[in-house]
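Structural description and commentary
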Amino acid sequence: MNIIRIGLLIIVAVMVAEVAWILFSGSPVPVPNTPRAVQTIGTGKQLTYIVMGDSTAVSQGSAYSDGYAVGTATYLAQKHAVTWANLAVSGAQAKDVLTQQLPQALPYRPDVVLIGVCANDVTHMTGIKDIRDALMGIIRELQSANADVRIILTGAPDMGSLPRIPQPLRLIAGRRSESINAMVLDLVDNQRVFFAPVATKTGPVFRAHPELFAADRFHPTAAGYSLWTPVLIEALQRAGL
């Protein structure tokens, strides 16, 4: 009985220590000032572009102009007159995109939508089915508004690369990222949407270079986001853009 009690105490102590590490490791970084007004850039055929998602979609950890929302809009503007808006909110999970951001997006009847979400679903241990249901709801509503819409999903980044998360929780987070992305890949195969595999394409570099994380040891720096943008542009190209 004493051995069991000691074992439980050790487990509780480890859990408390790991939670404290997550809470107090690193320094907070502010959410950049994100323009919410609709913007039009570029020349050519008209294209309506909407960005939805979490803190990565608003470039937390760097300047807003260094992030992938601006980077992808700039890419699209090379051949199009792009009317676009960023509806992403730091801390959002897939269900929040469905219930809070999607209603704002639908009136635009967008031609292209980028959804950068799932990182917070990893940390909040959201069930895979719940994430799938939320993403399916988003896809169906967007396709109902515009049958020709092209949707880009990032899935979860490699959460197993984050210095902010201690081991063994980091290992668990990495496995969760893989499970979510396997679901997203299956979803993409069946829904005519496009997957931008930021976890597999950029995760190994983040693991090898922790300096790519901001002071909070959680969000990418400008150099980190510069790794994401080409992966998203590649997905846009596969979508015919």
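Now for a quick tour of the structure. (Residues numbered from 1 in each chain as written. Predicted model: local features only at pLDDT ≥ 70, side-chain atom pairs only at ≥ 80, totals over all residues. Heavy atoms only, no water.)

One open sheet accounts for six strands, arranged β1-β3-β2-β4-β5-β6; its pairing is mixed. The sheet is open, and its two borders are formed by β1 (39–41) and β6 (194–195), each paired with just one other strand. Of the strands in this sheet, β2 (45–53), β4 (112–116) and β5 (150–153) are in contact with helix α5 (residues 128–145), which crosses β5 at around 160 degrees. (Pairing = 2+ DSSP bridges. Helix = DSSP H or I, 4+ residues; strand = E, 2+ residues; numbered from the N terminus. Contact = heavy atoms within 4.5 Å. Axes fitted to C-alpha atoms, helices over the stretch in contact; angles between N-to-C directions.)

Moving on to the pairing of strand β3 (residues 80–86). Counting buried positions along β3 yields seven of seven residues, so the element is predominantly enclosed. Neither face of β3 is left uncovered, since the one carrying His-80, Val-82, Trp-84 and Asn-86 and the one carrying Ala-81, Thr-83 and Ala-85 both have all their residues buried. For β1 and β3, the ladder comprises three bridges, and the chain directions are antiparallel. Looking at the pairing, Ile-41 lines up with Val-82 of β3. Crossover β2 to β3 through helix α2 (residues 68–76) is right-handed. (Buried < 20%, exposed > 50% of the residue type's maximum accessible area, 1.4 Å probe, protein only. Right-handed = clockwise from strand over helix to strand, strands pointing away.)

Considering all chains together, one arrives at four salt bridges under this definition. Salt-bridge contacts for Asp-158 lead to Arg-207; the nearest nitrogen and oxygen are separated by 2.6 Å. Of this pair, Asp-158 sits in the loop between β5 and α6 (169–191) while Arg-207 is found in helix α7 (residues 198–208), placing the two residues 49 residues apart along the sequence. Given the relative accessible area of 11%, Asp-158 is considered buried. (Salt bridge = Lys/Arg side-chain N within 4 Å of Asp/Glu carboxyl O.)

The next subject is the side chain of Ser-62. Along the chain, Ser-62 turns up in the loop between β2 and α2. Overall, the relative accessible area of 15% leaves Ser-62 in the buried class. Those residues in contact with Ser-62 that lie beyond four places of it in its chain are Pro-32, Pro-220, Thr-221, Ala-222 and Tyr-225.

Using the criterion set out here, one finds one cavity of 30 Å³ or more in the structure. Taken as a whole, the largest cavity encloses approximately 160 Å³ of empty space. Forming the boundary of the largest cavity are 17 residues, of which Pro-157, Leu-162, Phe-218, Pro-220 and Trp-228 lie nearest the centre. Of all the secondary-structure elements, those providing two or more residues to the lining of the largest cavity are α4 (119–123) and α7. Residue composition of the lining of the largest cavity, grouped by class: nine nonpolar, six polar and two charged. (1 Å grid on protein atoms, 1.4 Å probe; cavity = no way out; pocket = protein on both sides within 12 Å on 5 of 7 lines; lining within 4 Å. Points joined across faces, edges and corners; volume = space filled by probe spheres on them. Nonpolar A, V, L, I, M, F, W, Y, C, P; charged D, E, K, R; others polar.)

It is worth spelling out unusual backbone geometry at this point. The phi torsion at Ser-59 lies on the positive side, around 65 degrees, for a residue other than glycine. Within the secondary structure, Ser-59 is located in the loop between β2 and α2. In this structure Ser-59 comes out as buried when scored by relative accessible area, which is 0%. Phi is positive for Cys-118, close to 125 degrees, though the residue is something other than glycine. Here Cys-118 shows up in the loop between β4 and α4. Assessed through its relative accessible area of 1%, Cys-118 is described here as buried.

Across all of its chains, the model carries five aromatic pairs by this definition. Among the aromatic residues, those joined into a ring-pair cluster are Tyr-68, Tyr-225 and Trp-228. (Phe/Tyr/Trp six-rings, centres within 6.5 Å; stacked < 30°, edge-to-face > 60°.)

What follows is about the packing of helix α3 (residues 94–105) against α5. Two numbers describe how α3 lies on α5: the axes approach to 7 Å, and their chain directions differ by 30 degrees. What the angle tells us is that α3 and α5 run roughly parallel. Note on packing geometry: the crossing formed by α3 with α5 is left-handed. Together, Ala-94, Lys-95, Val-97, Leu-98 and Leu-102 of α3 and Ile-131, Ala-134, Leu-135, Gly-137, Ile-138, Glu-141 and Leu-142 of α5 make up the contact between the two elements. Among the residues making up the contact of α3 with α5, the classes are represented as nine nonpolar, one polar and two charged. (Parallel < 35°, antiparallel > 145°, perpendicular 65-115°, else oblique. Left-handed = near helix turned anticlockwise from the far one by under 90°.)

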